[in-house]
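Residue-level structure breakdown
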Amino acid sequence: KKSSSRFHSVWGLYILKRQIRNHREKMESVLLPTLTKKEEIDRIINNTIDKVLVLRFGRISDENCLLLDDILEKSARDVSKFATVALVDVDSDQVQVYVNYFDITLFPSTVFFFNAHHMKLDSGTADHTKWVGKFHEKQDFIDVVEVIFRGAMKGKLIVHCPLPPERIPKYQLLYKDV
Amino acid sequence: MEEKNTKAKKKPSKKNEFDFCKVCRFHHDHGPRHKYFPRHKELLSAFLNRFRSKIADVRFFLKNPSFLRPQEESQNRVWCVFCDEDIVELGSSFACSKAINHFASSEHHKNIKQFLWKHGPSMDCVDDFKISDADVAKWVRKCTALGNKDASSCTGQLSRTSSDIHNKFEFERTEKETHFFNPNYLNDVKPLLYNTNEYQISHSGVTHYGSHLNVDASQLPPGVIGMTSNSSSHSGDSSGNVHSGAPPPWLTPNDGNIFNQSEITRVQEKIPVKTTSKLNPHRVGAAWAERRKIEMEMEKRGEAVNSNTDADWLPNFGRVWQSGTRKDSRKEFEKEKRKLVVAAESISMESQERKLVKTESVSMESEEPVQIQPYVSKRAVCFAFTILN
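Just so it is clear, the model here is predicted, and its values are computed rather than measured. (Residues numbered from 1 in each chain as written. Chains lettered and ligands numbered in written order. Predicted model: local features only at pLDDT ≥ 70, side-chain atom pairs only at ≥ 80, totals over all residues. Heavy atoms only, no water.)

Describing the overall build of chain A
Scanning chain A from N- to C-terminus turns up 5 helices and 7 strands. Listed by position from the N terminus, the elements making up chain A come as α-β-α-β-α-β-α-β-β-β-α-β. Of all 178 residues assigned to chain A, the portion counted as buried reaches 46%. Taking all contacts inside chain A whose residues are at least 6 apart in sequence as the whole, residues at least 24 apart take part in 74%. Summed over its atoms, the accessible surface of chain A is roughly 9500 Å², and 54% of this surface lies on carbon and sulfur atoms. (Helix = DSSP H or I, 4+ residues; strand = E, 2+ residues; numbered from the N terminus. Buried < 20%, exposed > 50% of the residue type's maximum accessible area, 1.4 Å probe, protein only. Contact = heavy atoms within 4.5 Å. Areas by Shrake-Rupley, 256 points an atom, 1.4 Å probe, with all protein chains shown as cover.)

A closer look at helix α3 (residues 63-76) of chain A
Residue and element names in this part refer to chain A. Over its 14 residues, α3 extends 20 Å from the first C-alpha to the last, a length consistent with the 20 Å expected when each residue adds 1.5 Å. When α3 is considered as a whole, its buried residues turn out to be Cys65, Leu68, Asp69, Ile71, Leu72, Ser75 and Ala76. Buried residues of α3, seen end-on, are gathered within an arc of 165° and therefore sit on one face of the element. Each element contacted by the buried residues of α3 is listed here: β2 (52-58), β3 (83-89), β4 (109-114) and α5 (138-154). The backbone nitrogen of Asn64 lies 3.5 Å from a side-chain oxygen of the residue at the head of α3, namely Asp62. (Expected span 1.5 Å × (residues − 1). Arc of directions from axis to C-beta. Polar contact = N/O pair within 3.5 Å; in protein donor to acceptor, adjacent residues only side chain to side chain.)

A look at the packing of aromatic side chains
According to the stated counting rule, one finds 18 aromatic pairs over all chains in the structure shown. With centroids separated by 5.7 Å and ring planes inclined at 85°, the aromatic side chains of Phe57(A) and Phe102(A) adopt a geometry described as edge-to-face. In this pair, Phe57(A) is assigned in strand β2 and Phe102(A) in the loop between α4 (96-101) and β4, connecting sequence segments 45 residues apart. Taken individually, Phe57(A) and Phe102(A) each receive the classification buried, so the pair is uniform in this respect. On the numbers, 5.1 Å between centres and 65° between planes, the contact of Phe82(B) with Phe129(B) is edge-to-face. Separated by 47 residues along the polypeptide, Phe82(B) in the loop between β3 (78-80) and β4 (85-87) and Phe129(B) in the loop between α4 (106-119) and α5 (133-149) bring together distant segments of the chain. Taking relative accessible area as the criterion, Phe129(B) reaches 0% and is therefore assigned buried. Among the aromatic side chains, those forming a connected cluster through ring pairs are Phe57(A), Tyr98(A), Tyr101(A), Phe102(A), Phe113(A), Phe317(B) and Phe333(B). (Phe/Tyr/Trp six-rings, centres within 6.5 Å; stacked < 30°, edge-to-face > 60°.)

Some thoughts on a positive patch on the surface
Together, Lys63(B), Lys138(B), Arg141(B) and Lys142(B) make up a positively charged patch on the protein surface. Inspection of the secondary structure assignment puts Arg141(B) in helix α5. (Patch = residues over 30% accessible without salt bridge, like charges linked within 9 Å, V, L, I, M, F, W, Y side chains within 5 Å. Salt bridge = Lys/Arg side-chain N within 4 Å of Asp/Glu carboxyl O. Lys, Arg positive; Asp, Glu negative; His and termini not counted. Charge placed at Lys NZ, Arg CZ, Asp CG, Glu CD.)

Observations concerning the interface of chain B and chain A
Contacts between chain B and chain A engage 36 residues on the former and 40 residues on the latter. Each partner contributes to the roughly 3600 Å² buried at the junction of chain B and chain A, and carbon and sulfur atoms together form 65% of this total. At the junction of chain B and chain A, the tally comes to 2 salt bridges. Lys293(B) is the salt-bridge partner of Asp50(A), the closest N and O atoms lying 3.2 Å from each other. Here the residues of the side of chain B that touches chain A sort into 17 nonpolar, 9 polar and 10 charged. (Buried area = accessible area lost by both parts, 1.4 Å probe. Nonpolar A, V, L, I, M, F, W, Y, C, P; charged D, E, K, R; others polar.)

Some words on the pairing of β3(A)
All names here are of chain A. For β3, the buried fraction is high: 5 of the 7 residues fall into the buried class. One ladder, built from 2 bridges, connects strand β1 (residues 34-35) with β3; its direction is parallel. Residue pairing in the sheet places Leu35 in a bridge with Val88 of β3. Alignment of β2 against β3, held across 7 bridges, turns out to be parallel. The residue bridging Phe57 from the neighbouring strand is Val88, located in β3. What joins β2 to β3 is α3, and the crossover it makes is right-handed. (Pairing = 2+ DSSP bridges. Right-handed = clockwise from strand over helix to strand, strands pointing away.)

Structural notes on a nonpolar patch on the surface
Residues and elements named next belong to chain A. A grouping of Leu13, Leu16 and Ile20 is seen on the molecular surface, where their side chains present a nonpolar patch of about 270 Å² in accessible area. Among the structural elements, Leu13 can be located in helix α1 (residues 2-29). Relative accessible area serves as the criterion here: at 49%, Leu13 is assigned to the partly exposed category.

Details of α4(B)
Residue and element names in this part refer to chain B. Here α4 is 14 residues long and its end C-alpha atoms lie 20 Å apart, about the 20 Å a rise of 1.5 Å per residue gives. His108, His109, Asn111, Ile112, Phe115, Leu116 and His119 are the residues of α4 that are buried. On an axial view of α4, the arc spanned by its buried residues comes to 165°, and they lie on one face. Opposite its buried face, α4 presents the exposed residues Ser106, Lys110 and Trp117, each directed more than 90 degrees away.

Concerning the side chain of Lys35(B)
Residue and element names in this part refer to chain B. Tracing the backbone through its elements, the reader meets Lys35 in the loop between β2 (26-28) and α2 (38-63). One buried charged side chain, Lys35, makes no salt bridge at all; its nearest oppositely charged neighbour is Asp19, positioned 11 Å away. Here the side chain of Lys35 touches Trp117 through a polar contact of 3.0 Å, landing on its backbone oxygen.

Some words on the packing of α2(B) against α4(B)
Residue and element names in this part refer to chain B. For the pair α2 and α4, interaxial distance at closest approach is 12 Å and the crossing angle is 155°. Considering the angle they form, α2 stands roughly antiparallel to α4. Facing His40, Leu44, Phe47 and Leu48 of α2, the residues of α4 in contact are Phe115, Leu116 and His119. Classifying every residue of the contact of α2 with α4 gives 5 nonpolar, 2 polar and no charged. (Axes fitted to C-alpha atoms, helices over the stretch in contact; angles between N-to-C directions. Parallel < 35°, antiparallel > 145°, perpendicular 65-115°, else oblique.)

Overview of unusual backbone geometry
Note: most peptide bonds trans; most residues except glycine with negative phi. At the junction of Phe107(A) and Pro108(A), the peptide bond is cis and its omega measures out at -5° in the coordinates. Tracing the backbone through its elements, the reader meets Pro108(A) in the loop between α4 and β4. Backbone geometry at Arg25(B) places phi at a positive 60°, although glycine is not the residue there. With respect to the helices and strands, Arg25(B) occurs in the loop between β1 (19-21) and β2.

Considerations on the confidence of the model for chain B
Low-pLDDT stretches of the model should not have their predicted coordinates read in fine detail. Residue and element names in this part refer to chain B. For chain B, per-residue confidence averages 68 on the pLDDT scale, and residues scoring 70 or more make up 54% of the total. Across chain B, the secondary-structure element scoring lowest on mean pLDDT is helix α14 (residues 358-372), at 44, and the one scoring highest is helix α12 (residues 286-301), at 88. Across residues 4-8 the pLDDT falls below 50, and counting only partners more than four positions away or on other chains, this stretch makes 3 contacts in the model. Of the regions scoring below 50 in pLDDT, residues 232-237 engages in 5 contacts with residues more than four places distant in sequence or in other chains. (pLDDT = per-residue confidence, 0-100.)

In structure tokens, the structure reads:
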């Protein structure tokens with residue numbers, strides 16, 4: 001019995017690994033669009049109608065950014081009915097206008113749009129215009145996007161973050177020389 | 001009631017008789033107060049809306065008079081709720097003619113007013129249930145015009161669609177002979193009257209044949225014994241009869257109910273009018289979304305669309321350190337951008353002028369990188385500073 005149970009556990013593990021590999025391959029085959037030009041960003045903002053647009057500003061060399069990207073990729077399909085997710089490479093020159101305009105100083109930062117209007121999120125932090133940092137888990141991200149969608153559908157430009165404070169990344173926002 | 005009596009200062013309320021409210025369909029002793037109750041008001045509005053739709057149907061016929069066929073008379077009845085009477089179209093040649101006349105009558109108007117006085121808090125909807133005399137006059141004119149146009153075909157239709165099967169084939173044959181129809185139409189249908197001539201002719205034939213009856217029955221044409229030989233031979237092929245199992249004339253689809261057609265046209269009219277957009281019109285960016293959808297449709301169709309996305313377009317964004325509207329933040333950003341561009345240009349010009357002078361160019365060059373790269377400069381430096389610390 002022992003040997004058979006060990007065999008089953010090994011076999012089960014093998015199956016699980018294979019599933020994970022397949023899943024990852026499936027996910028990786030449908031990568032999120034990475035934008036490097038202002039025109040691309042403009043296009044995606046203008047073409048996303050009646051859906052939340054999630055723009056991640058970050059660089060893939062950053063560990064936090066990678067974790068955030070992982071969560072975004074995995075939940076992109078789940079929110080696909082009411083949200084579109086895109087990644088913006090912050091090292092590209094043509095994108096600096098937006099980095100400036102959105103006051104992005106910390107990476108990764110996620111900005112939310114709905115019908116070409118910027119949606120603000122009050123998560124108890126200093127900056128309501130974006131989400132700074134990574135999400136704790138997929139469900140957190142989905143909850144945030146859902147809250148934004150519901151608020152936008154009701155005509156609200158700012159919504160309250162549904163996550164408890166311990167799951168919200170904390171950071172210091174500095175104003176010029178202060 | 002008793003509770004109210006025990007309260008010292010309040011007058012005992014009147015004991016009203018139990019009365020039946022036609023709208024709420026129950027008995028109550030609220031008296032005249034009843035009509036102000038919210039439930040009664042709701043039921044009244046539903047009640048009046050139902051009657052309004054019936055009047056709308058009648059008004060349709062006011063605008064488009066059409067003939068009323070006898071078999072549709074029973075469908076064309078209206079119950080007038082104000083006068084408490086059923087308006088049946090007996091013997092009227094046009095649809096809803098009696099109803100139209102009734103709704104235009106002064107008695108009906110009086111009854112409307114009485115009803116609303118008794119049941120409705122407001123008297124402003126009286127005109128919804130009335131038909132003005134001017135409209136009636138127009139309708140009458142339309143009817144006479146219609147009547148003159150389709151005199152023979154109308155009567156032919158009427159008589160054809162009567163449920164008398166015997167007459168059916170006769171009408172098909174002698175449709176154009178109006179002198180047969182007019183007297184009969186006026187006197188109501190007398191079945192065998194149409195076969196008069198035939199009957200007379202064949203009757204003599206029958207008597208003639210009758211004498212030879214015993215001799216040779218096979219010589220008789222089919223179905224002639226004691227009867228007129230109908231035109232069944234030629235008309236039976238085309239439209240069938242009871243024996244062939246053909247549908248009766250009042251169920252033939254081509255004739256069609258006037259009401260069905262009117263319903264269909266009304267439904268068809270309604271469908272394009274109703275825009276089934278379930279999205280909240282008050283949602284964020286609704287106007288922009290609608291405009292964009294139209295633009296995209298036009299693009300799909302291949303029409304030229306003015307591309308509004310120029311290089312300087314910026315989305316609606318509320319910046320972090322700005323207070324005020326989002327337009328203000330965009331304007332401020334553009335101002336900053338312009339300042340930086342101007343500063344960069346001025347620096348580059350200066351550097352060009354002073355290239356030859358070494359000391360100054362060195363100092364300028366050292367300043368250049370700081371000024372030309374504006375956005376990273378201060379905050380990122382501060383951030384980097386805090387991290388290092």
